[in-house]
Amino acid sequence: MKKQNRYSLYIGRFQPFHDGHLWCVKEMLNKGKKVCIAVMDIHDLEPKNNPYTYTQVFNKISNTMFDEIKSGDVVITKIPAIDSINYGRDVGYKLIEHLPPESIKKISATKIRENK
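Just so you know, these numbers come straight off a predicted model, no measurement behind them.

Draft legend 1. Broad picture of the nonpolar core. Among the nonpolar cores identified, the biggest contains 19 residues, and Phe14, Val25, Val35, Ile37, Val39, Ile61 and Met65 are the most heavily contacted of them. If you list the elements that add at least two residues to this core, you get helix H1 (19-30), strand S2 (34-41), helix H2 (54-64) and strand S3 (74-80). Per-element tally for this core: the top contributor is H1, with six residues. Ignoring any residue separated from it by four or fewer positions in sequence, one finds valine 39 in contact with Gly12, Arg13, Phe14, Tyr54, Val57, Ile61, Ile76, Thr77, Lys78 and Ile79.

In structure tokens form, the structure reads like this:
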């Protein structure tokens, strides 16, 4: 499948970036999409539930997706803490929900943080 020039946006805290997040990114890539992973810089605002800094999250994603980043299929960008996602009229992009299998749906970043 041919890759597009546009990117699919994937927004999250990624506290930490885990196999559920990886599954979502790979779903988009497998559908021929490039992916922009937008990491919320939220550690300083809410450190209790967001123990990892942007740099730590960036490094984890970079190490996990090295080849995809090197090829340009994945890019990572920092964004501020997001309260809501809004759009107006049809501006040329879709809102797409990726429904993971039960094994992925069970993954909990909270449980991962508690077991560190």
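Read on for the rest.
Draft legend 2. A look at the layout of surface pockets. Approximately 990 Å³ is the volume attributed to the largest pocket. Ser8, Leu9, Lys94, Leu95 and Ile96 are the residues nearest the centre of the largest pocket, which is lined by 31 residues in total. Residue assignment for the lining of the largest pocket shows that the elements contributing at least two residues are strand S1 (7-12), H1 and helix H4 (102-105). Along the lines of polarity and charge, the residues of the lining of the largest pocket split into 16 nonpolar, nine polar and six charged.

Draft legend 3. Main features of the pattern of salt bridges. By the definition in use, this model includes four salt bridges. Across the salt bridge formed by lysine 26 and glutamate 68, the nearest N and O atoms sit 3.4 Å from each other. Taken together, the residues span a long stretch of sequence, with lysine 26 in helix H1 and glutamate 68 in helix H3 (residues 66-71) at a distance of 42 residues. Its relative accessible area of 17% is what places glutamate 68 among the buried residues. With a closest N to O distance of 3.8 Å, lysine 78 and aspartate 41 form a salt bridge. Residue lysine 78 is located in strand S3, and its partner aspartate 41 is located in strand S2; the two are separated by 37 residues in the primary sequence.

Draft legend 4. Representation of the packing of aromatic side chains in the model. Tallying each qualifying case throughout the model produces four aromatic pairs. Ring centres of phenylalanine 14 and phenylalanine 17 lie 5.8 Å apart, and the angle between their planes is 55 degrees; on these two criteria the pair is classed as tilted. In this pair, the class of phenylalanine 14 matches that of phenylalanine 17, namely buried. Among the aromatic side chains, those forming a connected cluster through ring pairs are Tyr10, Phe14 and Phe17.

Draft legend 5. Structural context of the sheet that holds S2. Strand order in the open sheet formed by three strands is S1-S2-S3, with parallel pairing between adjacent strands. Edge positions in the sheet fall to S1 and S3, since each of these pairs with one other strand and no more. Neighbouring strand axes in the sheet, compared pairwise and without regard to direction, differ in orientation by 25 degrees on average. Bridging between S2 and S3 involves seven bridges; their strand directions are parallel. Opposite alanine 38, over in S3, you have threonine 77 as the bridge partner. Along the sheet face, H1 touches S1, S2 and S3 and points at about 170 degrees away from the line of S1.

Draft legend 6. The pairing of S1, seen in detail. Only one face of S1 is buried, namely the one carrying Ser8, Tyr10 and Gly12, since none of Tyr7, Leu9 and Ile11 on the opposite face is buried. Taken together, the six bridges between S1 and S2 define a ladder with parallel strand orientation. Looking across to S2, one finds that serine 8 is bridged to valine 35. Following the backbone out of S1, through H1 and into the adjacent parallel S2, one traces a crossover that is right-handed.

What counts, and where the lines are drawn
- Residues numbered from 1 in each chain as written.
- Predicted model: local features only at pLDDT ≥ 70, side-chain atom pairs only at ≥ 80, totals over all residues.
- Heavy atoms only, no water.
- Core = buried A, V, L, I, M, F, W, Y, C linked by side-chain atoms within 4.5 Å.
- Buried < 20%, exposed > 50% of the residue type's maximum accessible area, 1.4 Å probe, protein only.
- Helix = DSSP H or I, 4+ residues; strand = E, 2+ residues; numbered from the N terminus.
- Contact = heavy atoms within 4.5 Å.
- 1 Å grid on protein atoms, 1.4 Å probe; cavity = no way out; pocket = protein on both sides within 12 Å on 5 of 7 lines; lining within 4 Å.
- Points joined across faces, edges and corners; volume = space filled by probe spheres on them.
- Nonpolar A, V, L, I, M, F, W, Y, C, P; charged D, E, K, R; others polar.
- Salt bridge = Lys/Arg side-chain N within 4 Å of Asp/Glu carboxyl O.
- Phe/Tyr/Trp six-rings, centres within 6.5 Å; stacked < 30°, edge-to-face > 60°.
- Pairing = 2+ DSSP bridges.
- Axes fitted to C-alpha atoms, helices over the stretch in contact; angles between N-to-C directions.
- Right-handed = clockwise from strand over helix to strand, strands pointing away.

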